[in-house]
Amino acid sequence: MLTKETLKKEIEEALYSTAGKSFAESDLTDKYYALGNVVRKHTGKIWSETGKNQRASKAKTVYYFSMEYLTGKFMEKNLEYLGIYEVVKDFFEDHDICLGDLFDIEAEPGLGNGGLGRLAVAFLDSLSSMSMPGHGYGLRYEKGLFKQSIENGYQKEEPQNWLKEQNIWEFKRPSEAVEVRYGGGIQVIPIGKKFTFRHVDYSIVKAVPYDTPFIGYKNHNVNTLRLWSAESTEDLNLKEFSKGNLCGAFNKIDEVKSICQVLYPDDSYYDGKRLRLKQEYFLVSAGVQDVVRKSVNNGIPLEELHKYTAIHINDTHPAMAVPELMRILMDEYYMEWEQAWKITVKTCAFTNHTLLEEAMEKWDISLYRDLLPRIWQITEEINNRFLAELRNVHRITSAEAMDKLSIIHQNTVRMVNLSIVGSHSINGVAKLHSDLLKERELRHFYNIYPQKFNNKTNGIIHRHWLLSANKNLADLTEDLIGPGFKTNPIQMRELLKHSNDKQVLDRIMEIKHENKKNLSKYIYDTTGIKTNPHGIFDIQAKRIHEYKRQLMNILHVMYLYDKLKTNPNMDMVPRTFIFAGKAAPGYYIAKEIIKLINTVARVVNSDLTIKDKLKIVFLEDYSVSLATKMIPAADVSEQISTATKEASGTSNMKYMMNGAITLATLDGANIEIMKEVGENNIVVFGLKDYEVYDFYQRGNYDPQSLYFGNPVIKETIDKLVNGYFRVPYGEFQPIYDSLVKYGDRYFILKDFESYMQAQRKIGNMYRNKYQWAEMSLSNTACSGAFSSDYTIGRYANEIWGVKTLTPRKD
Ligand code: CBF
């Protein structure tokens, strides 16, 4: 039990050892590191005990392979989860130090692009909090997702240097480094009637693990996120150095270091770069070698690996786990193909996160073969045997079906196909998405392997998004229904009993108002824009992408502005439209959309004639920390992707939990949100999935007829190009063209009318305070179902066969 007195002693000791200073001499940064050391110490013992317990029990363990982990900062969370937040807060308050100032010192690791990486972290959080043996493997990118700033309305990118200062949470483990091999060739060595393969002339990169403890929520359990870093096995090239060729002397080292230099800043577009393939294999090879080594060291027979171990392939990026496990079992442990294959398929499981065609990974064969010759050989053999199975077992004769199913196709290796063939489970991330996989995108696979397909709707960390991000709402919930919801969030439904209690509804509105005031202050401090917390805060914060339709949102704002200009006395609830999100640096239209939002914002926010009824804000450098400030302050959550395009979405769940009303298309998990909360507590609009498919199939969508036939649409769209916003000629022509000339791929014009109606409905509903508060309460109450604890429960039960392990204190 940590008391203020013992904490004082521990912090003082830590200060002497980390900063060589007394408490009085130390500054805030020194204190942050000292506190971090105290947390490390308290975590370390539980961590070691968890490891011993997991090894001793030989309980089945899942290893989650992901190229991205969007962790957010750790200090606040670690204090909460260890159950020492209050005592630490009291201690620092006694010294007039606000904990928030200490938390601000921590650099946020941006090791992910968005939903996929945040989901991976939610899963690690739930695994640990549910005392399940489950660990993450990823890469320790030196530079995370770029830092975004807005200059003159344009996005500017700078490297995100999160490791510039010491990272207090990681533990380097050089003794557990492994070798990853690239290039070279393969020799076939006959042994009697059989033969084996020897990889020769390869170059070696050392993969060094850095472990971050993932603390469970007050349950004496700590799992591990292991991030690999690339190091050269050679020192500098002395020959070149002594010849005076200083650059040449460092070449090899620099080439190796480049592997973990930077996270690829796009999760929705595959661009076939050699470095990316190197990164993916680096993760897979280091991780799978580690899994096998740990298993062997723990006395697990490799013939039964799948009974003790699950490998999860998070999207296709780590798909080479399949041939890599085959390689290790066959080449290093001399297993026969058939046996190795059975074990591999039973061990591996795969999640698909997108239907976007442009995101599908297809590696050029020559690149794949040159960089990874043995992995290529194994992949080719997997494909040959799979094609034979299609002919002989599944009796497939159609060339079209064979074409769709083949892993190797038109000089490329299709990573989705490899993942499906090599895994025993394939899941989508929301019901609609999983259904579309089965019925459309992967139906050829579903036809032959129906038993492999299943759905696992995504989830979020309620401990973060409610208990920590919105403490007042969590406290109110506890006052009303007791603390049980903290560990069993489905109990939040009991809040519904208070739907008609005006006192409760008043409190809900007060809490939201407080949160909006806090966000208003942040907006003012960072942008100088004054916003009105009495009006509606309508938020769309996520990656900028055409399918997410930030463009439709800002076009509607342009329309509202026009109405206000014509009638400044128009009776409307004041509205603030808040945007945040990064565009991939190479995604031209997405960057133009950012420029458009900022351009409209500049004009509208400085127009005194509209009497502050409309404000537009773009907050730069969206991150987990910024989301934590924004989401509790939202009245309206914009989840307006073109139906079929957003696999699930997870921010939709976070806003719901914080009592925002979702303005939604029937896409991804929005549909399940609607089912949970009821149709009266969400506002839906737009084309349905089958209508979108129908248009694509028939090719009969004609945006021009909407443009020319609907004066509101035409007048709004024309403002992009008619000089209204005083930008250089042609600035927004590409946006205009994407809608009017190039077919409006994301049906913005088609959905515009119903989106405007939905927005009108929102405005009217907000006027009735108690109706709105009741809707808000219902959203919070019904959001517990989306806790990642339940999602992980389903993965554990239905895919991995992993169970809760009672934590043991030695
Ligand atoms: O499943 C998690 C998320 O993954 C994505 O972000 C992705 O990167 N493919 C999807 O776009 C989201 O819909 C999904 O929620």
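Residues numbered from 1 in each chain as written. Predicted model: local features only at pLDDT ≥ 70, side-chain atom pairs only at ≥ 80, totals over all residues.

(A) View of the overall build of the chain. Across its full length, the chain holds 33 helices and 23 strands. Relative to its length of 810 residues, the chain is compact, with a C-alpha radius of gyration of 27 Å against a globular reference of 28 Å. With respect to the principal axes defined by its C-alpha atoms, the chain has extents near 90 × 75 × 65 Å. Of all 810 residues assigned to the chain, the portion counted as buried reaches 48%. Intrachain contacts of the chain at a sequence separation of at least 6 include 76% that bridge at least 24 residues. (Helix = DSSP H or I, 4+ residues; strand = E, 2+ residues; numbered from the N terminus. Rg over C-alpha atoms; globule rule 2.2 N^0.38 Å. Buried ≥ 20, exposed ≤ 12 C-beta atoms within 10 Å, placed from the backbone. Contact = placed C-beta atoms within 7 Å.)

(B) The packing of helix 21 (residues 502–527) against helix 32 (residues 769–782), seen in detail. Where helix 21 meets helix 32, the closest approach of the two axes is 9 Å, and the angle between their N-to-C directions is 80 degrees. Relative to helix 32, helix 21 is oriented roughly perpendicular. Where helix 21 abuts helix 32, its residues Lys502, Leu505, Ile508, Met509 and Lys512 lie against Lys769, Tyr770, Ala773, Glu774, Ser776 and Leu777. For the contact of helix 21 with helix 32, a count of residues per class yields six nonpolar, one polar and four charged. (Axes fitted to C-alpha atoms, helices over the stretch in contact; angles between N-to-C directions. Parallel < 35°, antiparallel > 145°, perpendicular 65-115°, else oblique. Nonpolar A, V, L, I, M, F, W, Y, C, P; charged D, E, K, R; others polar.)

(C) Molecular detail of the site of the ligand. Taken together, 15 residues are adjacent to the ligand, and Gly115, Leu116, His353, Ala647 and Ser648 come closest. The residue inventory of the shell around the ligand, partitioned by class, reads four nonpolar, nine polar and two charged. (Near = placed C-beta within 6 Å.)

(D) Fine view of the sheet that holds strand 21 (residues 636–639). Ordered in space as 20-19-18-21-22-23, the six strands form an open sheet in which the pairing is parallel. This sheet does not close on itself; its edge strands, each paired only once, are strand 20 (614–619) and strand 23 (683–684). Across six bridges, strand 18 (residues 536–541) lies against strand 19 (residues 575–580) in parallel orientation. In the sheet register, Asp538 faces strand 19, and the bridge partner there is Phe577. (Pairing = 2+ DSSP bridges.)

(E) Quick look at the domain arrangement of the chain. By the assigned domains, the chain splits into domain 1 (58–73 + 108–458 + 793–800) and domain 2 (479–716 + 750–786). Placing the centre of domain 1 and that of domain 2 at their C-alpha centroids yields a distance of 35 Å. Counting residues at the interface gives 37 residues for domain 1, matched by 29 residues for domain 2. Going through the elements one at a time, helix 6 (115–129), strand 3 (144–151), strand 4 (154–160) and helix 17 (431–441) are the ones with two or more residues in the side of domain 1 that touches domain 2. Its residues placed into classes, the side of domain 1 that touches domain 2 shows 14 nonpolar, 16 polar and seven charged. (Domains from an automatic or database assignment.)

(F) Layout of the sheet that holds strand 15 (residues 412–414). The three strands lie next to each other as 13-15-14, forming an open sheet whose pairing is antiparallel. The open sheet has two free edges, formed respectively by strand 13 (362–364) and strand 14 (408–409), since each of these has just one partner strand. Note: strand 14 against strand 15, two bridges, orientation antiparallel. Following the sheet pairing, Ile408 is matched in strand 15 by Val413.

(G) Structural view of unusual backbone geometry. Here Ser131, not a glycine, exhibits a phi torsion of approximately 55 degrees, which is positive. By the element assignment, Ser131 lies in the loop between helix 6 and strand 2 (134–139). Positive phi is not limited to glycine here, since Lys218 has a value of about 45 degrees. Mapping Lys218 onto the fold places it in the loop between strand 9 (203–215) and strand 10 (222–232).

(H) Quick peek at helix 23 (residues 588–605). For helix 23, which comprises 18 residues, the first-to-last C-alpha distance of 26 Å matches the rise-based estimate of 26 Å (1.5 Å per residue) to within 8%. Inspection of helix 23 places Ala590, Glu592, Ile593, Ile594, Lys595, Leu596, Ile597, Asn598, Thr599, Val600, Ala601 and Val604 among the buried residues, and these make up the whole buried set. On its buried face, helix 23 is in contact with strand 3, strand 4, helix 22 (550–566), strand 19, strand 20 and helix 30 (733–740). (Expected span 1.5 Å × (residues − 1).)

(I) Spotlight on the UniProt feature "modified residue: N6-(pyridoxal phosphate)lysine" (unreviewed entry) in the chain. Here the UniProt feature "modified residue: N6-(pyridoxal phosphate)lysine" (unreviewed entry) sits at Lys654. With respect to the helices and strands, the residue Lys654 is situated in helix 25 (residues 651–657). The contacts of Lys654, once residues within four sequence positions are left out, are Ile460, Trp465 and Ile631. (UniProt positions renumbered as here; feature names shortened; annotations may be inferred.)

(J) Highlighting helix 29 (residues 711–718). For helix 29, the complete set of buried residues consists of Ile713, Thr716 and Ile717. One side of helix 29 carries all its buried residues, which in axial view fall inside an arc of 95 degrees. Buried residues along helix 29 sit in contact with helix 22, helix 28 (703–709), helix 30 and helix 31 (748–767). (Arc of directions from axis to C-beta.)

(K) Spatial organisation of the nonpolar core. Phe282, Ala321, Ile597 and Met630 are the most contacted members of the largest nonpolar core, which has 215 residues in total. Here this core takes nine residues from helix 22, the largest share from any one element. Three or more residues apiece are contributed to this core by two domains, here domain 1 (58–73 + 108–458 + 793–800) and domain 2 (479–716 + 750–786). Setting aside its immediate chain neighbours within four residues, Phe282 contacts Leu139, Val180, Val205, Ala207, Trp228, Ala230 and Ile259. (Core = buried A, V, L, I, M, F, W, Y, C linked by C-beta atoms within 7 Å.)

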